[in-house]
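Analysis of the macromolecular model
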Amino acid sequence: MTSIAEERMLRFVLPALAAALIAPLPQAAFAQEREWRDEAGNGGLAAQVRREIGDHAGKDVRAFYAARGNAPLWLDEFDRPSGAATMLWLRMRTADRDGVDPEHFNLDKLGKQLERAREGSPSDLAHAELALSEAFVDYVRAMRGAAHADMLYENAELGPSAPSARAALEAAANAPSLEAYVDSMGWMSPFYAPLRKALDDPRYSPGEKQVIAANLERVRAIPAMPKGKHILVDAASARLWMYDGDKVVDTMKVVVGNQKLGETPMMAGWIRWAIENPYWEVPNDITQNELAPNVLKYGTRYLKSHGYEVLADWDDNAPVLDPKAVDWQAVRDGQRQVHVRQLPGGENFMGKVKFEFPNPKGIYLHDTPAKQLMKEDARQLSHGCIRMEDAAKMHRWLMDVPIPANAAPEEKVPLAKPVPIYVTYLTALPAGGGEIVFHDDPYGRDGDIRLATAD
């Protein structure tokens, strides 16, 4: 379905193109079309169009068409540009919303080709068909390469990438509905098209639309949903989604970082293993700013009562130290560092399991004994790592088995197949029916935009 603004564009700004692409053919014309398509000798219009496509397809799209017997993608059952073609043209005309200059696409030329295709000659139809495919590929690649918010990627494979012409077209051709695929911009994250459409929705103020535009840049940092399992975490709403392809399998609350203790960054990585019954390796800043003051106040019994031990260094086989031998004032003052870890079980900060994905920030998913935090509306409460509401559910989904009851401490179990995880920050999220839900900006990344919204 087109938005109200797009319908106005068709009715008033682009009347010639609208008539050429949308006006239905009368029944008599339909009957004539069928006769032409089935005409003996030349094989009818459809066969002639296929021959023209085969003769004129450029090298970028030739393999795609050859694999489908040169059958058109953008023509309807009467060999006229389809609704999907109209939708594509409209999307490209407003490509500035995607961080792409519409002038890049030479849309005037494409529009004239579509108008000529209305006359129905095999040559004009084939040229319009090929022009649409080339424009579509160009648009998809331009959007995938458009400017987006900064994100830490474990490797380039996790970031947005430009597909081959054949891959882009085959994804479109395999969609249940090509028009729905173009309308939903299926080559992008499922969040993208609803946010983009909201830019034309009169329900939202100019300030809100600025917030939406900022979030479009963040969504562009996420590639189209990959096949198979993957995880999306939104730090702004403190929520996690489990996906299989483009389908949401489940969702849960999470606790993420805050500005004071440490923000959860936008990042992407591969979850490769579970750590069963984990230690909590206490980061140096937490040892300095939180543990050392408590040891100075309560003595070393504080460490024992909370299951902490002190090691000589960070080696795997480091010996355990007597905490009384440590100068905790020097630790508190930042003059000395010590390796402190919390033993598995009990009130261990990691809970029963953690899921690691290599990243320079030391961020991972983990269980938590502090389930009461999930009742909070604002769950930006951690030092940056992501605490899960239901680690047992995540374990069953990723590992296909429950969390083991008697795992050895820090037992490392690889996943059968690495699972991508994307951590983003969305202060505007689509909620169905064209509605956009705005969240607080706990990290202040929207800056003055939020103030503009309040005005």
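Structural data are supplied above this passage.
Section: the overall build of the protein chain
A tally of helices and strands in the protein chain yields 17 helices and 16 strands. For the protein chain, the proportion of its 455 residues judged to be buried stands at 49%. In the protein chain, of all internal contacts separated by at least 6 residues, the share reaching a separation of at least 24 is 68%. Put simply, the protein chain shows about 21,400 Å² of open surface, and 50% of that area lies on carbon and sulfur atoms.

Some thoughts on the pairing of strand β10 (residues 353-356)
Looking at chain direction, strand β5 (residues 267-276) and β10 are connected through four bridges and run antiparallel. Following the sheet pairing, Glu276 is matched in β10 by Val353.

Focus: the packing of aromatic side chains
Working definition: an aromatic ring pair is given by the centre-to-centre distance plus the angle between the planes. The full count for this structure, using the stated rule, is 12 aromatic pairs. With 6.2 Å between their ring centres and 20 degrees between their planes, Tyr298 and Tyr302 make a pair best called stacked. Classification of Tyr302 by relative accessible area gives buried; the value is 15%. Feature note: the residues Trp74, Phe105, Phe136, Tyr139, Tyr181 and Trp187 constitute an aromatic cluster, connected by ring pairs. One Lys or Arg, Lys412, reaches over the ring of Trp273 and ends 3.9 Å from the middle of that ring. Of note, Arg445 hangs over the ring of Tyr425, and the distance from its end group to the ring centre comes to 4.5 Å.

Some thoughts on the environment of Gly434
Secondary-structure assignment places Gly434 in the loop between β15 (428-430) and β16 (436-438). Along the chain, Gly434 and Arg203 lie 231 residues apart, while their C-alpha atoms are 9.9 Å from each other. Apart from the residues lying within four places of it in its own chain, the contact partners of Gly434 are Asp201, Arg203 and Tyr204.

So, the sheet that holds strand β9 (residues 339-342)
Within the open sheet, the four strands sit side by side as β6-β9-β7-β8. Their pairing is antiparallel. The two strands at the open ends of the sheet, each matched to only one other strand, are β6 (280-281) and β8 (320-321). By the bridge criterion, two bridges tie strand β7 (residues 308-311) to β8 in an arrangement that is antiparallel. By the bridge assignment, Val310 is partnered in β8 with Leu321.

What to know about the packing of helix α4 (residues 44-56) against helix α8 (residues 122-144)
One can describe the packing of α4 onto α8 by two numbers: an axis separation of 8 Å at closest approach and a directional angle of 55 degrees. One finds that α4 runs oblique with respect to α8. Two packed elements cross with a definite hand, and for α4 against α8 that hand is right-handed. Two secondary-structure elements touch here, α4 through Leu45, Gln48, Val49, Glu52, Ile53 and His56 and α8 through Pro122, Ser123, Leu125, Ala126, His127, Glu129 and Leu130.

Comments concerning the pairing of strand β2 (residues 229-234)
Most of β2 is tucked away: five of the six residues are buried. Relative to strand β3 (residues 239-244), β2 is paired through six bridges, and the arrangement is antiparallel. Within the sheet, the bridge partner assigned to Val233 lies in β3 and is Leu240. Between the antiparallel neighbours β2 and β3 lie four residues, among them Ala238 with a positive phi of about 55 degrees.

Focus on unusual backbone geometry
Positioned with a positive phi, Met185 is a non-glycine residue whose angle comes to about 50 degrees. Relative to the helices and strands, Met185 resides in the loop between α10 (178-183) and α11 (192-198). The phi torsion at Asn277 lies on the positive side, around 50 degrees, for a residue other than glycine. Secondary-structure assignment places Asn277 in the loop between β5 and β6.

Section: helix α6 (residues 83-93)
Along α6, nine of the 11 residues are buried, which leaves the element largely enclosed by surrounding structure. The set of residues buried in α6 consists of Ala84, Ala85, Thr86, Met87, Leu88, Trp89, Leu90, Arg91 and Met92.

Brief notes about the environment of Gly99
Here Gly99 lies in the loop between α6 and α7 (107-117). Residue Gly99 is classed as partly exposed on the basis of its relative accessible area of 44%. For Gly99 and His148, which are 49 residues apart along the polypeptide, the C-alpha to C-alpha distance reads 8.2 Å. Apart from residues no more than four positions distant in its own chain, Gly99 is found in contact with Ala146 and Arg220.

Regarding the packing of α7 against α8
At a minimum axis distance of 8 Å, the contact between α7 and α8 shows a crossing angle of 145 degrees. Taken as a pair, α7 and α8 cross one another with a handedness that is left-handed. Where α7 abuts α8, its residues Leu110, Gln113, Leu114, Arg116 and Ala117 lie against Asp124, Leu125, His127, Ala128, Ala131, Leu132 and Ala135.

Examining the pattern of salt bridges
As enumerated under the stated definition, the model contains 14 salt bridges in all. Close ionic contact of Arg91 with Asp183 constitutes a salt bridge, the shortest N to O distance being 2.8 Å. Separated by 92 residues along the polypeptide, Arg91 in helix α6 and Asp183 in helix α10 bring together distant segments of the chain. Judged by relative accessible area, which is 10%, Asp183 ranks as buried. We note a salt bridge from Glu170 to Arg166, for which the minimum N-O separation is 2.8 Å. One end of the pair is Glu170 and the other is Arg166, both in helix α9 (residues 165-173) and four residues apart, which spans about a single turn. Accessibility expressed as a relative area gives 36% for Arg166, which makes it partly exposed.

What counts, and where the lines are drawn
- Residues numbered from 1 in each chain as written.
- Predicted model: local features only at pLDDT ≥ 70, side-chain atom pairs only at ≥ 80, totals over all residues.
- Heavy atoms only, no water.
- Helix = DSSP H or I, 4+ residues; strand = E, 2+ residues; numbered from the N terminus.
- Buried < 20%, exposed > 50% of the residue type's maximum accessible area, 1.4 Å probe, protein only.
- Contact = heavy atoms within 4.5 Å.
- Areas by Shrake-Rupley, 256 points an atom, 1.4 Å probe, with all protein chains shown as cover.
- Pairing = 2+ DSSP bridges.
- Phe/Tyr/Trp six-rings, centres within 6.5 Å; stacked < 30°, edge-to-face > 60°.
- Lys NZ or Arg CZ within 6 Å of the ring centre and 35° of its normal.
- Axes fitted to C-alpha atoms, helices over the stretch in contact; angles between N-to-C directions.
- Parallel < 35°, antiparallel > 145°, perpendicular 65-115°, else oblique.
- Left-handed = near helix turned anticlockwise from the far one by under 90°.
- Salt bridge = Lys/Arg side-chain N within 4 Å of Asp/Glu carboxyl O.

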